[in-house]
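Below, each chain spelled out in residue letters.
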Amino acid sequence: MTSFPMIAYRELDCWLEEGRVGQLIDLREPWLFGRERIWGSVNIPYGEIEEQMDRLSPEGTLVFYCDRGAKSMVVCRDLWRQGWDVADLAGGILNYRGKYIDRSPLPN
């Protein structure tokens, strides 16, 4: 592969069902993550990714998403160049129409 995959929401749902996602990372601000997120994702804000690299799982594919996909594409590009197994959710959460949306309130 010459680059990391950009996957559509339908493909992400399949990957989640097949256990192909090692970790799903939401790069948005915590208050947005608190409103809604994709089930099973962890929140590492874009501006904190370098400081929180120790939270990234070395097992499986890391799938990143943000609002529209621009920030997650940058993170994927940078991590892919470092040898990480990454994928980007094309269009971000604003384009996500899958069945794994989670709008349950998060505890404070």
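Only a predicted model underlies this, so the values are computations on that prediction, with no experimental measurement involved. (Residues numbered from 1 in each chain as written. Predicted model: local features only at pLDDT ≥ 70, side-chain atom pairs only at ≥ 80, totals over all residues. Heavy atoms only, no water.)

Caption draft 1: Structural context of the sheet that holds strand β6 (residues 86-89). Spatial ordering of the open sheet is given by β1-β6-β5-β2-β4, a layout of five strands whose pairing is parallel. Strand pairing shows two members of the sheet lacking a second neighbour, β1 (6-7) and β4 (42-43), which therefore form its edges. Here strand β2 (residues 21-26) runs beside β4; their pairing, made up of two bridges, is parallel. Directly across from Asp26, in β4, lies its bridge partner Asn43. Those strands touched by helix α1 (residues 9-18) are β1, β2, β5 (61-65) and β6, and its axis lies near 135 degrees from that of β2. Where helix α3 (residues 70-81) meets the sheet, it contacts β1, β5 and β6, and its direction lies at approximately 170 degrees from that of β6. (Pairing = 2+ DSSP bridges. Helix = DSSP H or I, 4+ residues; strand = E, 2+ residues; numbered from the N terminus. Contact = heavy atoms within 4.5 Å. Axes fitted to C-alpha atoms, helices over the stretch in contact; angles between N-to-C directions.)

Caption draft 2: Spotlight on the packing of aromatic side chains. Enumeration over the complete set of coordinates arrives at one aromatic pair. Ring geometry for Tyr9 versus Tyr96: centroids 6.0 Å apart, planes at 75 degrees, classification edge-to-face. With Tyr9 in helix α1 and Tyr96 in the loop between β6 and β7 (101-102), this pair connects stretches of sequence that are 87 residues apart. Here Tyr96 falls in the buried class, since its relative accessible area comes to 5%. In this arrangement the basic side chain of Arg37 is found over the ring face of Phe33, its NZ or CZ atom lying 5.3 Å from the centre. (Phe/Tyr/Trp six-rings, centres within 6.5 Å; stacked < 30°, edge-to-face > 60°. Buried < 20%, exposed > 50% of the residue type's maximum accessible area, 1.4 Å probe, protein only. Lys NZ or Arg CZ within 6 Å of the ring centre and 35° of its normal.)

Caption draft 3: Representation of the pairing of β2. In terms of residue burial, β2 counts as a mostly covered element, since five of its six residues are buried. By the bridge criterion, five bridges tie β2 to β5 in an arrangement that is parallel. Across the sheet, residue Ile25 finds its bridge partner in β5, namely Phe64.

Caption draft 4: A look at the environment of Gly60. Considering the arrangement of structural elements, one finds Gly60 in the loop between β4 and β5. Separated by 37 residues in the primary sequence, Gly60 and Gln23 have C-alpha atoms spaced 7.2 Å apart. Aside from chain neighbours lying at most four places away, what touches Gly60 is Gly22 and Asp85.

Caption draft 5: Region of the structure containing α1. Within α1 the residues assigned to the buried category are Tyr9, Leu12, Asp13 and Trp15. Taken end-on, α1 shows its buried residues confined to a sector of 160 degrees, consistent with a single buried face. Opposite the buried face of α1, at more than 90 degrees from it, the exposed residues are Arg10 and Glu18. Contacts from the buried residues of α1 go to β1, β2, β3 (37-38), β5 and β6. (Arc of directions from axis to C-beta.)

Caption draft 6: The arrangement of the pairing of β6 in detail. Burial along β6 is two-sided: the residues Val86 and Asp88 and Ala87 and Leu89 are all buried. Running through α3, the crossover from β5 to the neighbouring parallel element β6 is right-handed. (Right-handed = clockwise from strand over helix to strand, strands pointing away.)

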